[in-house]
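Single-letter residue listing:
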Amino acid sequence: MIIRNVGVIMEEYQDLWNQTRDKLSSYFAEETFEEIFSDVKKVIQEENGIIYVLTPSTYIKTKINNIYARKIGEIVSSLTEKRVKFKFVCDGEIHPKKIKKVVLNKNNLKNNYTFESLVVGDSNRLSYLTSLKVADQPGEFVNPLYIFGGVGLGKTHLMHAIGNQIVENNINNNVLYIQASDFVSDYVNAVQSHNTAAFAEKYENLDALLVDDIQMLAQRTKSQEEFFKLFNDLIGRQKQIVITSDCPAKKLTGIMDRLTSRFQMGVSVDIQQPDLSQRVNILKRKLAENSNKQLDDKILTYIAENFVDNVRELEGGLNRVLWYSEVYNKEPTLDLAKEALEVLIKAQKAQGKNNYEAAISVISNTYSISTADLLGKARNAKYVLPRHIAMYILKNHYDLTYSKIGAIFNGRDHTTVMNGCTKIEEELKSNAQLKMAIDTILKKI
């Protein structure tokens, strides 16, 4: 085995940064380069593909990480085939133990889930911009940040991006990402093993806590009480909390009111289904990241037109086309894509029909209106109630997302659907006749 001298390796990385600086100097205006990069010269450490470069001030470090990181990454990729990344730090931020913790991923963050790797469109622009601000001003801009939306729309990606950016801005920041179900498991194990000290050590002294799928705390009373204490402690110390869920905080069930009210004390942002253009761009990004094959835009558009609910389905369609092309050793064409996806599209249509068409038919017949009027946009009183009932049933008994229901009802916005469902839920609390009508409809279905 050949053991290379550490000094030689560091020289290689220093040389790589020198080359990168040269290209930056030719890319940016002279005054810009001088202001930002003139004193950013020294590589001080490398750890698992991350090359740490010394900057003269927090201002310069933050500006490079926020504005110039993507261009630097492009240049590095053109200079070396090695998987390396420059990270910019200030003097005194680098300590071997701290670096080791980040590399070992104690914070559970996925390094590839960044703001740069997120495809932004109308469906997620507000949540993206809000998250950027939160990452740059943790504990100050909005706290907590509550992100909600359907499955596979990018909530987790956005949460990891926030965490990665907070660490990027200051490597000493103590950030932890967890699933809500992991918090429950940690607490239960701590109680059962009489080792609450280990539990406290994991969750104390955090600078940012990122909790995914908060709805998984439902019915877990003791865990909710413990999370309530943690939440209050972090907020009280102005430490950032980010939460994701499949629904708005006020719609959470099985979670104590004092928790949901605190979730609403910050800012809530939602992520909707991506439109066709954004879905195509997502496919292009996924293709570039995971395959060396080229697909015609017609193929990508065909996939995007047939998989609309979430990014996971979209990626599944892309992967099937690539797999089909590989197995049959054929060039990917539009005809091949249609052949590859035929079984998935048929299954999807059959599932969709089973999921909601029967309900729509029964509701239309019950109220003696046409399906077209039920799904249409006429605001006559005789259509509004059955329309809201249909939305409520599709949401609560067929588990469709608000965005999916909106698409069924001729492209209505998901907030319109949400409001319709909420009206029925409120009315059911005091209207026995409405409850009887919905029960009858469900029996017919």
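See the structure above.
Residues numbered from 1 in each chain as written. Predicted model: local features only at pLDDT ≥ 70, side-chain atom pairs only at ≥ 80, totals over all residues. Heavy atoms only, no water.

Topic: the environment of E357
Okay, so step 1: Along the chain, E357 turns up in helix α14 (residues 334–366).
Okay, so step 2: Since its relative accessible area comes to 40%, E357 is described here as partly exposed.
Okay, so step 3: Distance in space between the C-alpha atoms of E357 and I405 is 12 Å, their sequence separation being 48 residues. (Helix = DSSP H or I, 4+ residues; strand = E, 2+ residues; numbered from the N terminus. Buried < 20%, exposed > 50% of the residue type's maximum accessible area, 1.4 Å probe, protein only.)

Here we look at the sheet that holds strand β2 (residues 50–55)
Strand pairing in a sheet relies on backbone hydrogen bonds, with the paired strands running either antiparallel or parallel.
Okay, so step 1: If you trace the three strands from one edge of the open sheet to the other, you get β1-β2-β3, paired in mixed fashion. Sheet topology places β1 (43–47) and β3 (85–90) at the edges, where each strand pairs with a single neighbour. The average undirected angle you get between the axes of adjacent strands in this sheet is 30°.
Okay, so step 2: Where β2 meets β3, six bridges bridge the pair, whose relative direction is parallel. Of the residues in β3, the one forming a bridge with L54 is V89.
Okay, so step 3: Strands in contact with helix α3 (residues 58–79) are β2 and β3; relative to β3, the strand with the most contacts, it is inclined by about 170°. (Pairing = 2+ DSSP bridges. Axes fitted to C-alpha atoms, helices over the stretch in contact; angles between N-to-C directions. Contact = heavy atoms within 4.5 Å.)

Concerning the packing of aromatic side chains
Okay, so step 1: Considering all chains together, one arrives at 20 aromatic pairs under this definition.
Okay, so step 2: A centroid spacing of 6.4 Å and a plane angle of 70° characterise the contact between F227 and F263, whose relative ring orientation is edge-to-face. Of the two residues, F227 is situated in helix α9 (residues 221–236) and F263 in helix α10 (residues 257–263); the sequence distance between them amounts to 36 residues. Of the two residues, F227 and F263, neither departs from the other in class, the shared state being buried.
Okay, so step 3: A network of ring pairs unites the aromatic residues Y146, F148, F183, Y187, F199, Y203, F227, F231 and F263 as a single cluster.
Okay, so step 4: Seen from the ring of F228, R258 lies directly overhead, with NZ or CZ sitting 4.3 Å from the centre. (Phe/Tyr/Trp six-rings, centres within 6.5 Å; stacked < 30°, edge-to-face > 60°. Lys NZ or Arg CZ within 6 Å of the ring centre and 35° of its normal.)

A closer look at the packing of helix α16 (residues 381–396) against helix α19 (residues 432–444)
Okay, so step 1: Orientation of α16 relative to α19, taken along the N-to-C sense of each, is 60°, at an axis distance of 12 Å. When the axes of α16 and α19 are compared, the pair comes out oblique. Once α16 is placed against α19, the crossing between them reads as right-handed. Touching L385, I389, Y392 and I393 of α16 are L434, I438, I441 and L442, all from α19.
Okay, so step 2: A per-class count over the contact of α16 with α19 returns eight nonpolar, no polar and no charged. (Parallel < 35°, antiparallel > 145°, perpendicular 65-115°, else oblique. Left-handed = near helix turned anticlockwise from the far one by under 90°. Nonpolar A, V, L, I, M, F, W, Y, C, P; charged D, E, K, R; others polar.)

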